[in-house]
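Spelled out from the first residue to the last, the chains are:
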Amino acid sequence: MSNYNTNIMKTEEFFCTPPEDAKLFENMRGKYQSENEKKFFQELEYKEENEASFAYDWLLEHNENNDGLYMYRQSYSEYAINRIVNGKYMTEWHFSSLAELLEINLKEYGYLDRDITFWQWLKEQDYSCIRYDRDGDWD
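Below: a short report on this structure.

Each value, and the rule that gives it
- Residues numbered from 1 in each chain as written.
- Predicted model: local features only at pLDDT ≥ 70, side-chain atom pairs only at ≥ 80, totals over all residues.
- Heavy atoms only, no water.
- Helix = DSSP H or I, 4+ residues; strand = E, 2+ residues; numbered from the N terminus.
- Expected span 1.5 Å × (residues − 1).
- Buried < 20%, exposed > 50% of the residue type's maximum accessible area, 1.4 Å probe, protein only.
- Arc of directions from axis to C-beta.
- Contact = heavy atoms within 4.5 Å.
- Salt bridge = Lys/Arg side-chain N within 4 Å of Asp/Glu carboxyl O.
- Pairing = 2+ DSSP bridges.
- Core = buried A, V, L, I, M, F, W, Y, C linked by side-chain atoms within 4.5 Å.
- Polar contact = N/O pair within 3.5 Å; in protein donor to acceptor, adjacent residues only side chain to side chain.

1. Thoughts on helix α2 (residues 35–50)
For the α-helix, the turn length of 3.6 residues means that residues three or four positions removed from each other point alike.
Now for step 1: For α2, with 16 residues, the first-to-last C-alpha span of 22 Å sits near the 22 Å given by 1.5 Å per residue.
Now for step 2: All of the buried residues in α2 are Glu37, Phe40, Phe41, Leu44, Glu45, Lys47 and Glu48. One face of α2 carries all of its buried residues, which in axial projection span an arc of 165°.
Now for step 3: Turning to α2, the residues buried within the fold contact α1 (19–28), β1 (53–60), β2 (69–75), β3 (78–85), α3 (98–102) and α4 (118–124).

Below you can see the structure in the form of structure tokens.
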């Protein structure tokens, strides 16, 4: 009989909503500017807390918006963004929280020709290009 300590840690010790996202979700509650904005924050809060995605949760597809941006979530709270123009991929950037991603300036990252944060861009679209049913783990 082998004698070793397995020391299994609880899942929440590995995966949890980052503090900046928890603060973002809390600050947004009751202050939504539209039903689509409400759905965006409620869906992503739920996903971060309950649904790991290891095959990418495609939230925004490049061919479903005029700017060619795409965004996906992986694991619990990691996000990536990029832009595809005429079939060419630009540089993909990864972020450890939704709060961090929302604050990037799309011009500074080389995606657009105007100063606008990703959050402002989403508000302009009224979040209408975001889909919540494309988790690659389940497709």
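2. With respect to the pattern of salt bridges
For side chains of opposite charge, pairing can occur when their charged atoms come near one another.
Now for step 1: Applying the stated rule across the entire model yields nine salt bridges.
Now for step 2: A salt bridge links Glu45 to Arg29; the shortest N-O distance between them is 2.4 Å. Highlighted residues: Glu45 in helix α2 and Arg29 in the loop between α1 and α2, separated in sequence by 16 residues.
Now for step 3: Overall, the relative accessible area of 36% leaves Arg29 in the partly exposed class.
Now for step 4: In the salt-bridge network here, residues are joined through shared partners; they are Lys47, Glu51, Asp57 and Arg73.

3. Section: the pairing of β3
Now for step 1: Taken across its eight residues, β3 has six buried, putting it largely inside the fold.
Now for step 2: One ladder, built from six bridges, connects β2 with β3; its direction is antiparallel. What sits directly across from Gln74, in β3, is Glu78.
Now for step 3: Relative to strand β5 (residues 93–95), β3 is paired through three bridges, and the arrangement is antiparallel. Counterpart to Ala80 in the pairing with β5 is His94.

4. A look at the nonpolar core
Now for step 1: Counting 30 residues, the largest nonpolar core has Phe40, Phe41, Leu98, Leu102, Leu106, Phe118 and Trp121 as the members making the most contacts within it.
Now for step 2: Sorting the residues of this core by element identifies α1, α2, β1, β2, β3, α3 and α4 as the ones contributing at least two each.
Now for step 3: In this structure Leu98 touches Asp21, Leu24, Phe25, Phe40, Phe41, Leu44, Glu48, Ser77 and Tyr79, once residues within four positions along its chain are discounted.

5. Structural notes on the side chain of Glu45
Now for step 1: A relative accessible area of 15% places Glu45 in the buried class.
Now for step 2: Here the side chain of Glu45 touches Arg29 through a polar contact of 2.4 Å, side chain to side chain.

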